[in-house]
Amino acid sequence: METKNLKELLDDMSIEEKVGQLIQLSGDFFEANNISIGPKQKLGITQKTVDLTGSILNVTGAEITTKIQKEQMAKQPHHIPVLFMSDVIYGYKTIYPIPLGLGATWNPNLIEKAFQNTAHEAAASGNHVTFAPMVDVVHDARWGRVLESPGEDPFLNAQFAKAMVNGFQKDLAKGSGQVSCIKHFAAYGAAESGREYNSADLSISNLSQNYLPPYKAAVDAGAKMVMTSLNTLNGIPATADKQLLLDLLRKSWEFSGIIISDYASIFELIKHGFATDQEDATQKAFDASVDIDMKSPCYANNLAKLVADGRLSLAKLDEAVWRILTLKNDLGLFENPFNRVSVAQEKKALLTESKRKLARQVAAEALVLLKNKDNILPLKAKEQKIALVGPYSDSKYLLGMWAVHGNVEDTITIKQGIESYVTKGNLKVATGTDITRDYKMLKSMGYFSDEQIDQMISSEDTENKQHEKAISIAKEADTVIMALGEHTLESGEAGSKTSLRLPKNQQRLLDEISQLGKKVILVLISGRPLVLKDVEAKTDAIIQAWFPGTEGGNAIADVIFGKVNPSGRLSMSFPYTEGQEPIHYNHLVTGRPQGASQHVGRFVSRYIDAPTEPLYPFGFGLSYGKIEYSDFVLSQKEITKNETLKVAVTLKNNSSWDRWETVQLYFHDEVASVVQPVKRLIDFKKVFVKAQQNLTVEFEVRDDELKFFDNQGKLILEAGAFDLFVGPNSRDVLKASFSLIDKK
Ligand code: GLC
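Engineer: Teacher, can you tell me more about the overall build of the chain here?
Structural biologist: For the chain, the count of helices and strands is 22 helices and 26 strands. Taking 27 Å as the expected radius of gyration for a compact globule of 744 residues, we find that the chain reaches 26 Å, a close match to that expectation. When its C-alpha atoms are laid out on the principal axes, the chain stretches across 75 × 75 × 45 Å. Taken over 744 residues, the chain has a buried fraction of 63%. For the chain, the share of sequence-separated contacts (at least 6 apart) that also reach a separation of at least 24 residues comes to 78%. Entry remark: accessible area of the chain is about 28,200 Å², with carbon and sulfur atoms responsible for 51%. Seen as two clouds, the 85 positive and the 93 negative side-chain charges of the chain have centres 4 Å apart.

The following block contains the structure:
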């Protein structure tokens, strides 16, 4: 509708209608299947509020959304359509690998296409807004939500943030896109001790340099919504942080879209000790310019009163309502509230062959080959007797905790994937043990009834039988593929853990099988980096498969049998032990760096009971065939500000394998007024290098990439000595140095 008509609508709305637009309720208020991820709580709101609600959380499906839209519009005095918003985070029905796996592709363009497909599926099912991408930088694998993030580096996360927002929003005008709501603003990934919902406390320079860039990239890419995070940041709950939301997001970043609270986070201002009661919480969140209250009674029960008392201006309320009406108008919902949604359209859009094909390609690119002793992989499909052992060998639960709309029945299992390669009769399969036999841990997840847990943990007799079968098929096989990993609900939201190891029962099975003198290939299913120090030596090959999604089994088989040369590179460090967490590659040097200090022995920055370095570093991953890096050259030894430095490196592929290689470029600012990390990723290129080919890869380094943030949040460029590093990961690098000078 024309802007003037929209303005007339706004002016004609009652205060109750206006407040209704600022409320989001979940499906259970509308007799709809409610995939409510968050805590269930009685809200204490009136039916009138339900009738006037402006948006609905996590209800999808052409039929149900059309039904509810009709009902809600009939109840609305001005027949204002509702927005359907949902967690469509890494797929809708066609599920991709978890974002920590998507980050491992180092292929933002591919992921943009995947998210465009995802938007088509979700839009066909009546959804308008997706609460994604989550772009929080993550340093601590104890935090279960690392699953949802592209990884630990701000530059890499920023590339994915831009690609994911573009993917979601690309086809909005055609009615087959999704409004992208980026989250969680801000620095939720810095939760202290990796404990869920815990506080984040960061210096301004650290926050600005290492946590904010991905959100800024998403805003610059045109994300139309931002979700506030549940944590406090430097003592202020993000949901009421004026400096963060008003000064930085709205004013400095010029974000004019909608800000929505995370689930009940306005109400939780009281729990944080930041608000005295719901009225105070309402005032503080609204003053910080939070537009929509997700799943809390605060706005519903207090906004009108605060306006009536003159403690909130009607003009400010109208501004918030205007943002929501404008989004609905931009989506064409006033003219076409059903947005061309139909059951027939939905059926045509979901899980198509082409979408599955792309999911298979993405899943294969997300796999990270961590070990391949004596190049045991790829296997020759037809020549070996293979035993596939482990609780994930034929499990459909490969989707991960946040694939809330995915259906495990659509999943291709690892067994099915391998069967499509091997000669019939050459593959024997046994689960060998449960995913976990830890009753206490399953109970503590707060998701399963005792009866369900009893179903999940086999009787001793069954456990012994499946164990014996696994050992016996392993003994008869040439090669054993073990499909092990954590339970779906051990990661994702509220999945913080202090132990990052395989469940004890799985470790026992691996220990025993590793004694049989067979080649052991481990396929790991997890939503986070696991501690593999008790696993690494007992295997000949390790494939980190994440939760690989709907086509996971096919993708894993494609890599095992060499149809795809694995190119995944870790976007998050794998610790040697939990005690190292949080661990990340871009740490500071310290005054006593191990191996580079005038002090000797114990008096350097190290642990006395563990290595300092991770087991597998950021950017690490193997491929079939080896690439040699050489001739790392810079165009100049000195550059002035505003000059561009040209950089080149030569890759030699001496193998018989064509392959992708992600060339990573890092830098270090040797001396600065705020000390700088040992390395910072500044650029990367994923290039295709044919067998026996030499390839020169070039980069350009501009002065603005060498800037850093000071503790006033100011971006600074200082002359001085810089090092550049190039290589296949953040550890095995070639180094070259140059100086930035004020003027020649
Ligand atoms: C959850 C999550 C958030 C999600 C929201 C709606 O608590 O923190 O990521 O989008 O609630 O489900």
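Engineer: Please explain the site of the ligand as it appears in this structure.
Structural biologist: Not every one of the 14 residues close to the ligand is listed here, only the nearest: Asp87, Arg145, Lys183, His184 and Asp262. The separation between an oxygen atom of the ligand and a polar side-chain atom of arginine 145 is 2.7 Å. Between the ligand and aspartate 262 there is a distance of 2.6 Å, counted from an oxygen atom to a side-chain nitrogen or oxygen. When isolated, the ligand has an accessible area of 310 Å², and the protein chains bury 99% of it. Residues belonging to the shell around the ligand are distributed by class as follows: seven nonpolar, two polar and five charged.

Engineer: Honestly, the sheet that holds strand E4 (residues 129–130) in this entry has me stumped. Any pointers?
Structural biologist: Hydrogen bonds along the backbone pair up the strands of a sheet, which may run parallel or antiparallel. Taken in spatial order, the eight strands make up an open sheet running E9-E6-E5-E4-E3-E2-E1-E10, and their pairing is parallel. Looking along the sheet, the strands with just one partner apiece sit at the ends: strand E9 (258–260) and strand E10 (293–294). As paired elements, strand E5 (residues 179–185) and strand E6 (residues 225–228) share three bridges and run parallel to each other. Looking across to E6, one finds that phenylalanine 185 is bridged to threonine 228. Most of the contacts of helix H14 (residues 314–330) go to E9, to which it runs at about 110°, and overall it touches strand E3 (83–86), E5, E6 and E9.

Engineer: Explain the packing of aromatic side chains to me, please; I cannot follow it from the model alone.
Structural biologist: The way to describe two aromatic rings as a pair is by their centre distance and the angle between their planes. What the rule picks out here adds up to 19 aromatic pairs. With a centroid separation of 4.9 Å and 20° between ring planes, the pair formed by tyrosine 421 and phenylalanine 561 is classed as stacked. Note that tyrosine 421 is positioned in the loop between helix H17 (414–419) and strand E13 (427–430) and phenylalanine 561 in the loop between helix H22 (552–560) and strand E17 (627–634), a separation of 140 residues in sequence. For phenylalanine 561, a relative accessible area of 10% corresponds to the buried category. Ring geometry for phenylalanine 574 versus tyrosine 616: centroids 6.3 Å apart, planes at 70°, classification edge-to-face. Here phenylalanine 574 is found in the loop between H22 and E17, whereas its partner tyrosine 616 is found in the loop between H22 and E17, with 42 residues between them in sequence.

Engineer: I'm lost on unusual backbone geometry in this one. Help?
Structural biologist: Among all residues save glycine, negative phi is the norm, and among peptide bonds the norm is trans. Note that the residue after alanine 132, namely proline 133, is joined by a cis bond; omega there is 5°. Between lysine 183 and the following residue, histidine 184, the backbone shows a cis peptide bond with an omega angle of -5°. Residues other than glycine seldom take positive phi values, yet serine 289 does so here, at roughly 75°. Positionally, serine 289 belongs in the loop between helix H12 (278–287) and E10. Despite not being glycine, aspartate 631 shows a phi value in the positive range, around 50°. Position of aspartate 631 relative to the elements: it lies in strand E17.

Engineer: Mind showing me how you'd approach the packing of helix H8 (residues 204–211) against helix H9 (residues 213–220) here?
Structural biologist: Helix-helix packing is described using two parameters, namely the angle between the two axes and the distance between the axes. The contact between H8 and H9 brings their axes to 6 Å, and the two run at 50°. The pairing of H8 with H9 is recorded here as oblique in orientation. Contacts between H8 and H9 involve Ser208, Gln209, Asn210 and Tyr211 from the first element and Pro213, Pro214 and Tyr215 from the second. Each residue belonging to the contact of H8 with H9 can be placed in one class, and the counts come to four nonpolar, three polar and no charged.

Engineer: Can you walk me through the side chain of serine 205 in this structure?
Structural biologist: Mapped onto the elements of the fold, serine 205 is located in helix H8. A polar side-chain atom of serine 205 sits 3.3 Å from a polar atom in the side chain of serine 203. Aside from chain neighbours lying at most four places away, what touches serine 205 is Asn210, Val674, Phe709, Asp710 and Asn711.

Engineer: Looking at this structure, how should I read the sheet that holds strand E16 (residues 541–544)?
Structural biologist: Strand order in the open sheet formed by six strands is E11-E16-E15-E14-E12-E13, and the pairing between neighbours is mixed. Each end of this open sheet is capped by a strand with a single partner; those strands are strand E11 (368–372) and E13. The mean inter-strand angle of the sheet, taken between neighbouring strand axes irrespective of direction, is 15°. Each of strand E12 (386–389), E13 and strand E14 (479–485) is contacted by helix H20 (residues 460–476), which is oriented at about 160° to E13, the strand it contacts most.

Engineer: What is the right way to look at the pattern of salt bridges in this model?
Structural biologist: Oppositely charged side chains can form a pair if their charged atoms are brought close together. The final tally for this structure, using the stated rule, is 45 salt bridges. Between glutamate 493 and arginine 145 there is a salt bridge, and its shortest N-O distance comes to 3.5 Å. Of this pair, glutamate 493 sits in the loop between E14 and helix H21 (504–513) while arginine 145 sits in the loop between E4 and helix H7 (154–169), and the two are 348 residues apart along the sequence. Arginine 437 is the salt-bridge partner of glutamate 463, the closest N and O atoms lying 3.5 Å from each other. Note that glutamate 463 is positioned in helix H20 and arginine 437 in the loop between E13 and helix H18 (439–444), a separation of 26 residues in sequence. Both residues of the pair, glutamate 463 and arginine 437, count as buried. Members of the salt-bridge network, linked through shared partners, are Glu279, Lys305, Asp309 and Arg311.

Engineer: Sorry if this is basic, but what is going on with the nonpolar core here?
Structural biologist: Side chains of nonpolar character tend, in soluble globular proteins, to be buried together. By size, the foremost hydrophobic cluster in this structure holds 118 residues, and its most contacted members are Leu377, Met482 and Phe561. For methionine 482, the residues in contact, after removing those within four places along its chain, are Val389, Leu509, Leu510, Ile513, Val520, Ile521, Leu522 and Val523. Counting 89 residues, the second largest nonpolar core, distinct from the first, contains Leu6, Phe30, Phe286 and Ile324.

Criteria and cut-off values
Residues numbered from 1 in each chain as written. Predicted model: local features only at pLDDT ≥ 70, side-chain atom pairs only at ≥ 80, totals over all residues. Heavy atoms only, no water. Helix = DSSP H or I, 4+ residues; strand = E, 2+ residues; numbered from the N terminus. Rg over C-alpha atoms; globule rule 2.2 N^0.38 Å. Buried < 20%, exposed > 50% of the residue type's maximum accessible area, 1.4 Å probe, protein only. Contact = heavy atoms within 4.5 Å. Areas by Shrake-Rupley, 256 points an atom, 1.4 Å probe, with all protein chains shown as cover. Lys, Arg positive; Asp, Glu negative; His and termini not counted. Charge placed at Lys NZ, Arg CZ, Asp CG, Glu CD. Near = heavy atom within 4 Å. Polar contact = N/O pair within 3.5 Å; in protein donor to acceptor, adjacent residues only side chain to side chain. Nonpolar A, V, L, I, M, F, W, Y, C, P; charged D, E, K, R; others polar. Pairing = 2+ DSSP bridges. Axes fitted to C-alpha atoms, helices over the stretch in contact; angles between N-to-C directions. Phe/Tyr/Trp six-rings, centres within 6.5 Å; stacked < 30°, edge-to-face > 60°. Parallel < 35°, antiparallel > 145°, perpendicular 65-115°, else oblique. Salt bridge = Lys/Arg side-chain N within 4 Å of Asp/Glu carboxyl O. Core = buried A, V, L, I, M, F, W, Y, C linked by side-chain atoms within 4.5 Å.

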